[in-house]
Amino acid sequence: MKKKIISSAILVTMLFQSVPAFASNKIDSAKSYDVSVSDSLKVPFYSTDDNFKGGLVPGFGSSVAFKGYDSDGNMQFYAITDRGPNGDAPQYTENGNSSDAKLFPCPDFTPSIGIITIKGDSASVNSEIELKDSTGKKITGLPLAPGSIGATGEAALDLDLNNIGYDSEGLDTEGIDVDKEGNFWICDEYGPFIIKADSTGKILEKYGPGEGLPEILKYRIPNRGFEGIAVTPSGKIIAAVQSVLNVDGQTSKTACFTRMVEFDPETKETKMFAYPVDLSQYKSPKDCKIGDIYAVNDNKLLVIEQGKLKDKTMSNVVYKVDLTGATDISGMTYNGKALEYADSETELPNIKFMTKEKYIDLRAEGWTSEKAEGICVLPDKKTIAVTNDNDFGITTSISDSLNQDTDITDYVYNSETKRFTLNNVKAEPKISVVPNNDPAQIWIFKADKAVDDKTEESESGYVKLRDAAMALKGTQNEFSVGFDASVKSIFVKTGESYKNIGTEDKNVPVINTDNNTQAGWILYVNGTKSNIKSVNVNGNNCFKISDLESVLGCKLN
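If you're wondering where the values come from, they're calculated on a predicted model, not measured in any experiment.

For the structure on display, the rule yields 15 aromatic pairs. The interplanar angle of 25° and the centroid separation of 6.2 Å between the aromatic rings of Tyr-92 and Tyr-413 together place this pair among those described as stacked. Of the two residues, Tyr-92 is situated in strand β6 (residues 91–94) and Tyr-413 in strand β30 (residues 411–414); the sequence distance between them amounts to 321 residues. For the residue pair Tyr-92 and Tyr-413, the accessibility class agrees, reading buried in each case.

Below you can see the structure in the form of structure tokens.
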């Protein structure tokens, strides 16, 4: 018999997530579900269009994290919206100053976290958690005032093209994950910001460029800040900038990488890594966009990369990405300037980029939506969930009988005269909000192998149930343990605090042995009989690690 002692500091990081390398996988099946939303959660919106009867359907798909299984065994996910219904607008002139603008048809919308439940052949959202500032006031998705950290320079307009102002706490939420205490970690593309919120959606901490995060992040392209966030098994936070930085307005067409930030919630220290952009695929580096990320372990990620390719086709691909040995590029420069001024990896010989390999070509599996923006992996490590952002099912439309084939952004609107111009000539376009015919969806992919190439230890190792319960006590994944020797049964109840008996080993020994006998004790989880039984290892009732993770139905990291 061999024992390996795992320090309590890394808890179940190795116990359930020991991942030295990626497997070579193929996708066995792919199934899509249109996500319905209860009427009570629809966003109030007045329109004569019957497609919007009852309001707009919130787009719970900007990011996704596995929540667990409900009492009936149905998969559940946390899924977050972005800043809310919005659309392109004409250039906006006010007091002689012109700026970009966005239409906000529902300006009071609060970015929210919905709970998606997949039951049978349907997926639905029947409850949500609205985000609130530190005082408990609901936030909006309106942009930040010019001059503040995270400002985009956009004017926010209603459908009558009135300037509706700004929100100093506004967020454009794009990523979500959950830590072992049950807190949400959310990222935003305004700042870009990293936000910690409690289970009720109340914001506890917020970090931005120069305020806890590297200042260079302020050079994100407007509305392309952080697009994905992940909590690693050891508790670090990784956030991915959607596109290359545009340093001093000069590098969006030269940069050969986008940045990922590692943030330590305990020490507040940060690192940055370079995610490579394949310049041969895209007309411009800024056309490469990150959709979301998922932490397989402390060094490996799944990353959605997407964008319009040189041949004008849309690409949505999930990559396996390895941070092992990647250079921390914090403070590094190229010829005295930001690294983004280098237009190829060969010009940065002292920097090791993150490495990546293609994992799932979503379009080859039937994906049709433009934006894949959420990804997570279920406890079996073979099931991958991906969500789309359908922009609340709306888009802005413009009609102009005198000017054909124009885009809404081609026009200029003067707020004082209430007139439009196109190429400095008076115009009379009609602007409306119309359906974009893109349904909100969640896709479930089944791989033939676990995404993480588990070690022999994690595949064949056994653990005492009481040791695992003690290690997870006080976390979101805690569970109680009870025994009934008369019927050789063990009863686990998730969410209930474990009462220790004093013999547990908080270091969580993982036992590897072929010398075990079937003890035959049946494990019940929340009153439901599972399909696994204990084995006897040196007189102790133990369970195979991979089996335990599966029946408990939650991320144990």
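Additional details are given in the paragraphs that follow.
Mean pLDDT over the chain works out to 89, with 90% of the residues at or above the 70 mark. For the stretch residues 1–21, pLDDT sits under 50, and the model shows 68 contacts to residues farther than four places along the chain or on other chains.

Along the chain, Leu-171 falls in the loop between β11 (155–157) and β12 (173–178). Setting aside its immediate chain neighbours within four residues, Leu-171 contacts Arg-83, Pro-111, Ile-139, Thr-140, Gly-141, Leu-142, Asp-188, Tyr-190, Phe-193, Ile-195, Ile-203 and Lys-206.

Let us look at the pattern of salt bridges. For the coordinates displayed, the defined rule picks out 18 salt bridges. Of the charged contacts, one joins Glu-130 and Lys-138 as a salt bridge, the two residues approaching to 3.6 Å between their closest N and O atoms. In this structure Glu-130 comes out as partly exposed when scored by relative accessible area, which is 27%. Judged by its relative accessible area of 45%, Lys-138 falls in the partly exposed class. Its salt-bridge partner being Glu-169, residue Lys-206 comes within 4.0 Å of it at the nearest N-O pair. Within this pair, whereas Lys-206 is found in strand β15 (residues 203–209), its partner Glu-169 is found in the loop between β11 and β12, the two being separated by 37 residues in sequence. Judged by relative accessible area, Lys-206 falls into the partly exposed class, the value being 30%. A relative accessible area of 33% means that Glu-169 is categorised as partly exposed.

Reading the values: rules and limits
Residues numbered from 1 in each chain as written. Predicted model: local features only at pLDDT ≥ 70, side-chain atom pairs only at ≥ 80, totals over all residues. Heavy atoms only, no water. Phe/Tyr/Trp six-rings, centres within 6.5 Å; stacked < 30°, edge-to-face > 60°. Helix = DSSP H or I, 4+ residues; strand = E, 2+ residues; numbered from the N terminus. Buried < 20%, exposed > 50% of the residue type's maximum accessible area, 1.4 Å probe, protein only. pLDDT = per-residue confidence, 0-100. Contact = heavy atoms within 4.5 Å. Salt bridge = Lys/Arg side-chain N within 4 Å of Asp/Glu carboxyl O.

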